[in-house]
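# Overview (structure and organization)
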Amino acid sequence: MNFLDLIQKVKAQGADTLAAPTFPFTPPGGTSPPANGTKNHTILLQADSASLNVGDTVKVRIYISSTAENISSFSVNIAFDPEFVRVIDADETAAGVQIDYIDTTFRTQTNTVNNSTGIINIRAEATTASALTRTVAEIEFLALKSGTTEIEIITGNSNIVNTNGVDLLEEANAISLNISTTTEEPYPTQPPTNAFIP
């Protein structure tokens, strides 16, 4: 194969990629499950980072998997310690505090945050039941206090419901955030003794 043949082959591959993009569509947040998921029907949390400083923000994604089974609705109940973190409102035009719900197949029925008690609730239903294996929402937390804190899915108040009304949820998780206090170098109040002063 000569150089010109190689150029034409590369161009043809580029054209095929543009003309026939990969399906199925990968939604925002992707479809990759968090590493600790071991069951088929899961609701899992995954943070961008487990370590941050006071005043920093971190995004936590809610990933739901029903594998290949069609589901009609899901509910997620999350607890966090409001002494250490608080949720940043994803929609300041709406009343109350909400998280960023990004799924387009399941319509949100409930999206509430209570920053005083440390509770997040989301519930969504499908107009047509379908399988779900992707990130459905993102939570942005602001770190308030140094220490280690846990963000946990409350399994007793969370579910993945199939078309027969059966809760399929097998696994949910909790994640830990390690929050540090930032230390800034103090500004010197006096110049060093060997400083040149005109």
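### Some words on the environment of A172
The residue A172 is located in strand β12 (residues 171–172) in this model. Residue classification places A172 among the partly exposed residues on the basis of a relative accessible area of 24%. Discounting chain neighbours no more than four positions away, the residues touching A172 are I43, L44, I153 and T155.

### Let's talk about the pairing of strand β4 (residues 71–79)
Counting buried residues in β4 gives eight out of nine residues, a clear majority hidden from the surface. Across eight bridges, the pairing between β4 and strand β8 (residues 119–130) is antiparallel. Note on β8: the bridge partner recorded for S73 is E125. Taken together, the two bridges between β4 and strand β10 (residues 147–153) define a ladder with antiparallel strand orientation. Residue A79 lies in a different strand from β10, and its bridge partner there is E152.

### A word on the environment of D167
Tracing the chain through its elements places D167 in the loop between β11 (159–162) and β12. For the pair formed by D167 and F74, sequence separation is 93 residues and the distance between their alpha carbons is 8.9 Å. Beyond its immediate sequence surroundings of up to four residues, D167 is in contact with S158, N159, I160 and V161. Within polar-contact distance, the side chain of D167 engages the backbone nitrogen of I160 at 3.1 Å. Of the polar contacts made by the side chain of D167, one reaches the backbone nitrogen of L169; its length is 3.0 Å.

### Details of unusual backbone geometry
Phi at T67 is positive, roughly 55°, even though this residue is not glycine. Within the secondary structure, T67 sits in the loop between β3 (57–65) and β4.

### Observations regarding the packing of aromatic side chains
Throughout the structure, instances matching the rule amount to two aromatic pairs. On the numbers, 5.7 Å between centres and 50° between planes, the contact of F74 with F106 is tilted. Taken together, the residues span a long stretch of sequence, with F74 in strand β4 and F106 in strand β7 (residues 106–114) at a distance of 32 residues. With respect to burial, F74 and F106 carry one shared label: buried. With centroids separated by 5.4 Å and ring planes inclined at 70°, the aromatic side chains of F80 and F141 adopt a geometry described as edge-to-face.

### Section: the side chain of S66
Take S66: it is sitting in the loop between β3 and β4. A relative accessible area of 0% places S66 in the buried class. Beyond its immediate sequence surroundings of up to four residues, S66 is in contact with N40, H41, I71, A131, L132, T133 and I160.

Definitions and limits used
- Residues numbered from 1 in each chain as written.
- Predicted model: local features only at pLDDT ≥ 70, side-chain atom pairs only at ≥ 80, totals over all residues.
- Heavy atoms only, no water.
- Helix = DSSP H or I, 4+ residues; strand = E, 2+ residues; numbered from the N terminus.
- Buried < 20%, exposed > 50% of the residue type's maximum accessible area, 1.4 Å probe, protein only.
- Contact = heavy atoms within 4.5 Å.
- Pairing = 2+ DSSP bridges.
- Polar contact = N/O pair within 3.5 Å; in protein donor to acceptor, adjacent residues only side chain to side chain.
- Phe/Tyr/Trp six-rings, centres within 6.5 Å; stacked < 30°, edge-to-face > 60°.

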